[in-house]
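A look at the structure
Each chain, written out:
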Amino acid sequence: GLKSAPELNGVLVKIVKYLPDRERYLVDFPSGERKRATFARTCLSPEGTERCAECGASEGLTADHDNPEDLYCQKCWKRYDEEQHAGSCAARGALPGGEDDE
């Protein structure tokens, strides 16, 4: 989390890389508070737990197989699975639950 500016206190960021020539970290703001920015180490405080990349939950996390650094909670995985299932049903002309839409 950040602790450098009152409006950013506690905001979770994702460290992109360390810039040794500037002694700063390049960070992304997953929740959209700002665009990419750089901060000194003293402006960052370590987060005690990992968070869901979608909603920020800290329990029941599972890594994404395609992007193992991204973790998602059970609720977000369920929503993702439901969205994928709904898309596949629509593609073949069937409604969820196995009923045809004709």
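Structure report, in brief. It should be emphasised that the depicted structure is a prediction, and the values quoted were computed from it without experimental measurement.

This part covers the sheet that holds strand E2 (residues 24–28). Here three strands make up an open sheet; going across it, the order is E1-E2-E3 and the pairing antiparallel. In the strand order of this sheet, the two ends are held by strand E1 (14–19) and strand E3 (37–39), each with one partner. Across the sheet, the axes of successive neighbouring strands diverge by a mean angle of 35°, strand direction being ignored. Bridge count for E1 against E2 is five bridges, and the pairing is antiparallel. Counted as the bridge partner of isoleucine 15 is valine 27 from E2.

So, about a negative patch on the surface. A grouping of Glu54, Asp81, Glu82 and Glu83 is seen on the molecular surface, where their side chains present a negatively charged patch. Position of glutamate 54 among the secondary structure elements: in the loop between E3 and strand E4 (62–63).

Assignment of secondary structure puts glutamate 23 in the loop between E1 and E2. When its relative accessible area of 58% is taken as the criterion, glutamate 23 is described as exposed. When neighbours within four sequence positions are excluded, glutamate 23 is seen to be in contact with Tyr18 and Ala40.

Definitions and cut-offs
- Residues numbered from 1 in each chain as written.
- Predicted model: local features only at pLDDT ≥ 70, side-chain atom pairs only at ≥ 80, totals over all residues.
- Heavy atoms only, no water.
- Pairing = 2+ DSSP bridges.
- Helix = DSSP H or I, 4+ residues; strand = E, 2+ residues; numbered from the N terminus.
- Axes fitted to C-alpha atoms, helices over the stretch in contact; angles between N-to-C directions.
- Patch = residues over 30% accessible without salt bridge, like charges linked within 9 Å, V, L, I, M, F, W, Y side chains within 5 Å.
- Areas by Shrake-Rupley, 256 points an atom, 1.4 Å probe, with all protein chains shown as cover.
- Salt bridge = Lys/Arg side-chain N within 4 Å of Asp/Glu carboxyl O.
- Lys, Arg positive; Asp, Glu negative; His and termini not counted.
- Charge placed at Lys NZ, Arg CZ, Asp CG, Glu CD.
- Buried < 20%, exposed > 50% of the residue type's maximum accessible area, 1.4 Å probe, protein only.
- Contact = heavy atoms within 4.5 Å.

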